[in-house]
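# Report on the structure
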Amino acid sequence: MNLARLVAEARPAVHWTDQPDAPDPRPPLRGTVSSDLCIVGGGFTGLWAALQALEEQPGRRVVVLEAETCGFGASTRNGGFADVSLTHGVLNGLAHWPDDFDTLERLGRDNLDNLLATVERYAIACHAHRADEVAFATAGWQLDDLTEEAETLRQHGLAHTLMDQSAAQARVHSPTFHGGLAHHDTLALLDPARLVWGLADAVESLGGIIHDGTRVEGLDDTNGRLTLRSGAHTVVADRVIVATNAWAEPIRQMRRYIVPVYDHVLMTEPLTSEQLEAIGWADRAGLNDSGHQFHYYRRTHDDRILWGGYDANYYFGNGMGPEYEDRRSSHELIAGHFFETFPQLEGLGFSHRWAGPIGTTSKFAATYGTRLDGRLSWVGGYTGLGVGASRFGARVALDLVDGLETERTALRMVRRRPIPFPPEPLRSLAIQTTRRAIAKADRTGEEGRLLRTLARFGVGFDS
């Protein structure tokens, strides 16, 4: 099989946004605009913040400034998994916030319920549906880990099903599966671009203003109001939320805690009925394998398979840009993994290939901050689970900037930031050394001294 040819034939574009009915960009900012709340970033966090602010305070003057077009970054480059977890999974949540875990689980479930209710209320046609989340063991040691995780889920009363090899392969037909663990009622799958487009329309329907093509180049505190500058144009605001995630603009403090790692994704051509029968997967569950370096995959509404993850890359100095989005070696690597998982699909082609930055923190969950006497708040670092958790992150950012003391702002996750990443060149050295340790752990099934040490200091690790 010629993987290089298959990857080369795939269109270098994001499938979700590469659609004939994609909306035109909104006009950029012109002149000077006054607002009660200005939100920097038109991805999920920024749009959820704008929508919730307008729903709760009708008539509030809300302006959203987006450097590119709404959803340009991670919000439309993902797999469309809206997960109930706010903590990057049960085990990570228990490791870092054990005292708040039950509260975080409840808030996460409420958050996903409200996300889906919003989709229904505004008739957002993003193909959203509830689904199981299934992790498959592709090595014997992973099955041991899934068995331990199942016991933890049982202790906390969380619905799940542990599957042996025959049950796992009956659910989805792959020779690589040793077993699996299904999490019930923890996931919704959706088209992330259509969710972005629907949220933006909803914001405007309530009187919010969105400007695409408006990069914030500076922020000043003048006479008790905040002035955001984009070229010769300005927004003067009482309050500001920065929702730029991995871009960390214009608040450079965010870069201490959030680093961008590039994730790579392939989308197949639609499967035939014969190909679908060959792989099973009748219930459209959201799937992943359970190594430290893992793949995530799902069936779309038109029966394609999205296949992503595993090879996450960090570039020196928090490097970001289009030059990092078409890494053929990464796409060829995960294409090979795809056909190892589903050899019965040999001959299937890929329609799209893309990459995008995931904002990650050392605790693998979002972190928060305030500046300028609390008149500015920021949030970022969802580490791949932002489709769902961004709505909650936006809600917390609103609480913070409005000076509200709530159950959300009392969470230790909100009050205490994760361990910051070191400056360069130590940052690159630490990340690459950890990646090598992760790869070795996946080969041997043993975490090794470095990963055990990181865990003791509360530093997460994964692909």
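This section reports on the structure supplied with the text. (Residues numbered from 1 in each chain as written. Predicted model: local features only at pLDDT ≥ 70, side-chain atom pairs only at ≥ 80, totals over all residues. Heavy atoms only, no water.)

## A closer look at the packing of helix H2 (residues 44–56) against helix H7 (residues 192–205)
- Between H2 and H7, the least distance of the axes is 9 Å, while the angle of their chain directions is 35 degrees. Judged by the sense of rotation from one axis to the other, the crossing of H2 with H7 is left-handed. Note on element contacts: H7 touches H2 through Pro192, Leu195, Val196, Leu199, Ala200, Ala202 and Val203, opposite Phe44, Leu47, Trp48, Ala50, Leu51 and Leu54.
- When grouped by side-chain class, the residues that make up the contact of H2 with H7 number 13 nonpolar, no polar and no charged. (Axes fitted to C-alpha atoms, helices over the stretch in contact; angles between N-to-C directions. Helix = DSSP H or I, 4+ residues; strand = E, 2+ residues; numbered from the N terminus. Left-handed = near helix turned anticlockwise from the far one by under 90°. Contact = heavy atoms within 4.5 Å. Nonpolar A, V, L, I, M, F, W, Y, C, P; charged D, E, K, R; others polar.)

## Observations regarding helix H10 (residues 386–401)
- Of all 16 residues that make up H10, 16 are buried, and the element is covered over most of its length.
- Note on H10: the residue one or two positions beyond its end, Gly403, has a positive phi of about 70 degrees. (Buried < 20%, exposed > 50% of the residue type's maximum accessible area, 1.4 Å probe, protein only.)

## Observations concerning the nonpolar core
- Counting residues in hydrophobic clusters, the biggest one holds 67 residues, and the most contacted among them are Leu37, Ile39, Leu195, Leu199, Ile241 and Tyr368.
- Looking at this core, the element that brings in the most residues is H10, giving 9 residues.
- Ignoring any residue separated from it by four or fewer positions in sequence, one finds Ile241 in contact with Leu37, Cys38, Ile39, Val40, Ala49, Ser377, Ala397, Leu398 and Val401.
- Residues Ala168, Ala182, Leu271 and Ile305 belong to the second largest nonpolar core, which totals 28 residues. (Core = buried A, V, L, I, M, F, W, Y, C linked by side-chain atoms within 4.5 Å.)

## Notes on the packing of helix H4 (residues 101–121) against H10
- Running from amino to carboxyl end, H4 crosses H10 at an angle of 100 degrees, the nearest separation of the two axes being 9 Å. With respect to H10, the axis of H4 lies roughly perpendicular. Taking contact as the criterion, the partners of Leu107, Asn111, Asn114 and Leu115 in H4 are, on H10, Val387, Gly388, Ala389, Arg391 and Phe392.
- Its residues placed into classes, the contact of H4 with H10 shows 5 nonpolar, 3 polar and 1 charged. (Parallel < 35°, antiparallel > 145°, perpendicular 65-115°, else oblique.)

## A closer look at the pattern of salt bridges
- A complete count under the given rule lists 31 salt bridges for this structure.
- Its salt-bridge partner being Arg26, residue Glu204 comes within 2.8 Å of it at the nearest N-O pair. One end of the pair, Glu204, is in helix H7; the other, Arg26, is in the loop between strand E1 (11–12) and strand E2 (32–40), with 178 residues separating them in the sequence.
- A salt bridge links Arg304 to Asp302; its shortest N-O distance comes to 3.0 Å.
- We classify Arg304 as buried; its relative accessible area is 13%.
- The class of Asp302 is partly exposed, set by a relative accessible area of 28%.
- Taken together, the salt bridges that share partners define one network made up of Glu105, Arg109, Asp113, Arg130 and Asp185. (Salt bridge = Lys/Arg side-chain N within 4 Å of Asp/Glu carboxyl O.)

## Some details on the environment of Leu3
- Within the secondary structure, Leu3 is located in helix H1 (residues 3–9).
- In contact with Leu3, other than residues within four places in its own chain, are Glu332, Ala335, Gly336 and Phe339.

## A closer look at the pairing of strand E14 (residues 295–299)
- Of all 5 residues in E14, 5 are buried, a share of seventy percent or more.
- Both faces of E14 are covered, namely the face carrying His295, Tyr297 and Arg299 and the face carrying Tyr296 and Arg298.
- Bridge analysis of strand E13 (residues 286–289) against E14 gives 2 bridges, and the strand direction is antiparallel. Bridge pairing in E14 links Asn288 to Tyr296.
- From the end of E14 to the start of strand E15 (residues 305–309), which pair antiparallel, there are 5 residues, and Asp303 there has a positive phi angle of about 65 degrees. (Pairing = 2+ DSSP bridges.)

## Remarks on the pairing of strand E12 (residues 259–268)
- For E12, a buried count of 10 out of 10 residues is recorded, marking the element as mostly surrounded by other parts of the structure.
- Alternating positions in E12 separate into two faces, Val259, Val261, Asp263, Val265 and Met267 on one and Pro260, Tyr262, His264, Leu266 and Thr268 on the other, with burial throughout.
- In terms of strand pairing, E12 meets strand E16 (residues 350–360) through 10 bridges, oriented antiparallel. Bridged to Val261 within E16 is Ile358.

## A short note on the environment of Thr32
- Along the chain, Thr32 falls in strand E2.
- Residues Thr32 and Val235 lie 203 residues apart in sequence; the distance between their C-alpha atoms is 5.6 Å.
- The residues contacting Thr32, other than those within four sequence positions of it, are Thr234 and Val236.
- At a separation of 2.9 Å, a polar atom in the side chain of Thr32 contacts the side chain of Thr234. (Polar contact = N/O pair within 3.5 Å; in protein donor to acceptor, adjacent residues only side chain to side chain.)

## A word on empty space enclosed by the protein
- Taken as a whole and assessed by the stated rule, the structure comprises 2 cavities of 30 Å³ or more.
- Considered as a void within the structure, the largest cavity measures approximately 70 Å³ in volume.
- Lining the largest cavity we find 14 residues, and of these Leu86, Ala365, Ala366, Tyr382 and Ala389 sit closest to its centre.
- Among the elements that take part in the lining of the largest cavity, H10 stands out by supplying 3 residues, more than any other.
- When grouped by side-chain class, the residues that make up the lining of the largest cavity number 10 nonpolar, 4 polar and no charged.
- Considering only enclosed or pocket space, the second largest cavity measures out at about 30 Å³ in volume.
- Taken together, Trp97, Thr361, Lys363, Ala365, Ala366, Thr367, Met413, Arg416, Arg417 and Pro418 make up the lining of the second largest cavity.
- Across the lining of the second largest cavity, the residue classes break down as 5 nonpolar, 2 polar and 3 charged. (1 Å grid on protein atoms, 1.4 Å probe; cavity = no way out; pocket = protein on both sides within 12 Å on 5 of 7 lines; lining within 4 Å. Points joined across faces, edges and corners; volume = space filled by probe spheres on them.)

## Quick notes on the packing of aromatic side chains
- A complete count under the given rule lists 17 aromatic pairs for this structure.
- Between Tyr297 and Trp307, the aromatic rings sit 4.5 Å apart at their centres with planes inclined by 40 degrees, giving tilted as the arrangement. Taken together, the positions of Tyr297 in strand E14 and Trp307 in strand E15 put the pair 10 residues apart, joining distant regions of the chain.
- Under the relative-accessibility criterion, Tyr297 is labelled buried at 0%.
- On the basis of relative accessibility, which here comes to 0%, the residue Trp307 falls in the buried class. (Phe/Tyr/Trp six-rings, centres within 6.5 Å; stacked < 30°, edge-to-face > 60°.)

## So, H4
- An ideal rise of 1.5 Å per residue puts 30 Å on 21 residues; H4 measures up with 30 Å between its terminal C-alpha atoms.
- Every buried residue of H4 is accounted for by Phe101, Leu104, Glu105, Leu107, Gly108, Asn111, Leu112, Leu115, Leu116, Thr118 and Val119.
- At the C-terminal side of H4, Ala123 shows a positive phi close to 50 degrees. (Expected span 1.5 Å × (residues − 1).)

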